[in-house]
Amino acid sequence: MAHIMLMPKLGLTMKKGKVVSWLKNEGETVALGEPLLEVMTEKVNIKVDSPYSGVLYKIIGDKGSSYPISVPLAVLAEEGEEPASLESALAEALSVLQAALDGGSDDAGKEKETKPIKPFAIFAGVGKISPRAAKLADKEGVDLGLINGSGPNGKVVEVDILNYLAQANGETNAELRPIDPLSMRGVIADRMSKSRRDAAHVTLMEDVDLSALKDVREQLNELGSGKRVKFSYTDFLVKFTGQALLEFPLVNSRSTAEKIEIPTTVNVGVAVALEEGLVVPNLKNVPSLTLEQISAKIKDLAVRARNSELNPDEIEQGTFTITNLGSYGVEGFTPIINRPETAILGVGTIKQKPIMVDGRLENRHLMTLSLSLDHRIIDGSLAAEFLGRLKEMLENPYPWFELEPKEMEDLVIQTGGNESPHELLEAFSGGLAELKEEAPELAIGFESLMAPVFCEGELGIMEKELIAVAVAIYGKCEYCIAAHVYNAMNAGASGDQVLEAAGVAVAFGGGPAMAYTVTKVRACIKAFGG
């Protein structure tokens, strides 16, 4: 008897499938379990095996069209079957298929190409004009001084005049791109809209210092060089996120309108950008995987995602998603939850920024993490604790890998020479003494200028020296900083008063003044007894 091949259900959430291609032609023999067609569903292309053996009698599911599950796609004949029986089965299959909703075919994917740069026109009406453009402009009464030429060297051509006339008449041109609900873009649009509508989105952001993780990564990559293993920051993020989710199971939850599911495994999805959209394969049971296994799986899933070779189970049953826009230079953003999950972690770019560490200014490697959560399920305080725990592990990764920190002196911001405050003061004083011998008129002139300034008056000497400290910091003169900090403290100023004066310089001098304040000024205060 004839067999009718139906659109199979290839995933828990699948409602429709798109026929990408038929792997057999009509009239060819098909074996049981042999790949018969390729179907795309929810971002994954899957080769579907034939449930029957026989001859492919008639294909009725067109390539490029979408069909609901369980509708007829083809009729297979058994050997020696009567034509009448086959035609009867075909008629039945066609009548059922006519009731199904067909989707339009997707637009063909376009390859990325490097676009040539055409410089912007700066001034109008300075280029040459083609004869046809001049004739049309004269006919329509167009002022050529208003036209920006698109031809070589800004030459005004006929199409420029036509475009100007169309714009003046209120005409617009637009390319219309229909969205197939079963295409990847259609699936993404539907899921993102539902997530935004159903979940109460809240996003928390936290800057994380990855300087230590950078050191750990370099050490582990050196250890793994013999095995040609090279770990990425994403590998570490997945591993530490998996550990944090073990400690905060509610953040690892899935939910519907009626219930909250707390999975017993931690399955972390890593978003992979494709030219036509996005797909999120997930790593199952992350806490049980080694860092090397995680690294290999992420690379494998990404390659197969871009080649449309993922299996349905590799994009299902995720419990948490990580999406990384750092490679695009994005710092922080508000990712949309990949429902039915209840949270998602957005990863920003790594940038070097100056921050205070143990009393000195260092150029640390900072990354912004953006945690979006469903506030119906996860309270803000719990989410903050989860994010804080993840930050704690990322900023001190050494014990997790049984490593010791290496010196990171390259992080310290150098603000000038390496002389100590006493050496600077001695060099300044000694220089003045030598100047009196070599060029006494210049030294006397300098002292004559300074003497009436640094004497008792409406302002005391200490106050004037504190003002000089601020001026020296603003002017970034290390010798002057040392001399005036010394003089101010010798006149009775405390270390706090010197720092207060330095704060004035910071207010006007910004980052450079701050750099001198937290290095040279603090060193001088300590050296001169503050």
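Scroll up to find the structure.
Bear in mind that the values here come from a model prediction, so they are computed numbers and not experimental data.

Scoring rules and cut-offs
- Residues numbered from 1 in each chain as written.
- Predicted model: local features only at pLDDT ≥ 70, side-chain atom pairs only at ≥ 80, totals over all residues.
- Heavy atoms only, no water.
- Helix = DSSP H or I, 4+ residues; strand = E, 2+ residues; numbered from the N terminus.
- Buried < 20%, exposed > 50% of the residue type's maximum accessible area, 1.4 Å probe, protein only.
- Contact = heavy atoms within 4.5 Å.
- Areas by Shrake-Rupley, 256 points an atom, 1.4 Å probe, with all protein chains shown as cover.
- Axes fitted to C-alpha atoms, helices over the stretch in contact; angles between N-to-C directions.
- Parallel < 35°, antiparallel > 145°, perpendicular 65-115°, else oblique.
- Nonpolar A, V, L, I, M, F, W, Y, C, P; charged D, E, K, R; others polar.
- Expected span 1.5 Å × (residues − 1).
- Salt bridge = Lys/Arg side-chain N within 4 Å of Asp/Glu carboxyl O.
- Pairing = 2+ DSSP bridges.

Asks: How do you make sense of the overall build of the protein chain when you look at a structure like this?
Replies: Check the secondary structure of the protein chain and you find 14 helices and 18 strands. Split into buried and exposed, the 530 residues of the protein chain put 42% on the buried side. For the protein chain, restricting intrachain contacts to residue pairs at least 6 apart in sequence, the fraction spanning at least 24 positions comes to 65%. Summed over all atoms, the accessible surface of the protein chain reaches about 29,200 Å², with 54% contributed by carbon and sulfur.

Asks: Is there a simple way to think about the packing of helix H2 (residues 131-140) against helix H3 (residues 158-168) in this case?
Replies: Relative orientation and spacing of two packed helices are given, respectively, by the angle between their axes and the distance between those axes. Put simply, H2 and H3 touch, their axes get as near as 7 Å, and they point 30 degrees apart. In terms of orientation, H2 lies roughly parallel with respect to H3. Seen from H2, the contacting residues are Arg132, Ala133, Leu136, Ala137 and Glu140; seen from H3, they are Glu158, Ile161, Leu162 and Leu165. For the contact of H2 with H3, the residue count by class is 6 nonpolar, no polar and 3 charged.

Asks: Looking at this model, I keep getting lost on helix H7 (residues 291-306). Mind explaining?
Replies: The periodicity of an α-helix, 3.6 residues per turn, causes residues three or four places apart in sequence to face the same way. Its 16 residues place the ends of H7 23 Å apart at the C-alpha level, agreeing with the 22 Å of an ideal helix rising 1.5 Å per residue. Among all positions of H7, only Leu291, Ile294, Ser295, Ile298, Leu301, Ala302, Arg304 and Ala305 are buried.

Asks: Is there a simple way to think about the environment of Val142 in this case?
Replies: By the secondary structure assignment, Val142 is in the loop between H2 and H3. Note on Val142: relative accessible area 11%, which makes it buried. On a C-alpha basis, the gap between Val142 and Ile161 in space is 7.8 Å, while along the polypeptide they are 19 residues apart. For Val142, the contacting residues outside a window of four places in its chain are Ala137, Ile147, Ile161, Tyr164 and Leu165.

Asks: In this structure, what is going on with the pattern of salt bridges? I would like to understand it.
Replies: Any two side chains of opposite charge can pair, so long as their charged atoms come close to each other. Enumeration over the complete set of coordinates arrives at 16 salt bridges. Taking the shortest distance from any N to any O, the salt bridge between Glu218 and Lys214 comes out at 2.8 Å. One end of the pair is Glu218 and the other is Lys214, both in helix H5 (residues 211-223) and 4 residues apart, which spans about a single turn. With its nearest N and O atoms 3.6 Å apart, the salt bridge here joins Arg254 to Glu261. Owing to a relative accessible area of 36%, Glu261 belongs among the partly exposed residues under this scheme. Look at the salt bridges and you will find they share partners, linking Glu247, Arg389 and Glu392 into a network.

Asks: What is the right way to read the sheet that holds strand E7 (residues 66-68) from this model?
Replies: Strand pairing in a sheet relies on backbone hydrogen bonds, with the paired strands running either antiparallel or parallel. Strands sit in the order E5-E4-E2-E7 across an open sheet of 4 strands; the sheet is antiparallel. Unpaired on one side and paired on the other, strand E5 (44-49) and E7 mark the two borders of the sheet. Here the strands of the sheet are splayed against their neighbours by 40 degrees on average, with no regard to which way each runs. Sheet topology note: the strand E4 (residues 35-41)/E5 ladder contains 6 bridges and is antiparallel. By the bridge assignment, Leu37 is partnered in E5 with Val48.

Any functional reading would require information beyond the geometric quantities listed.
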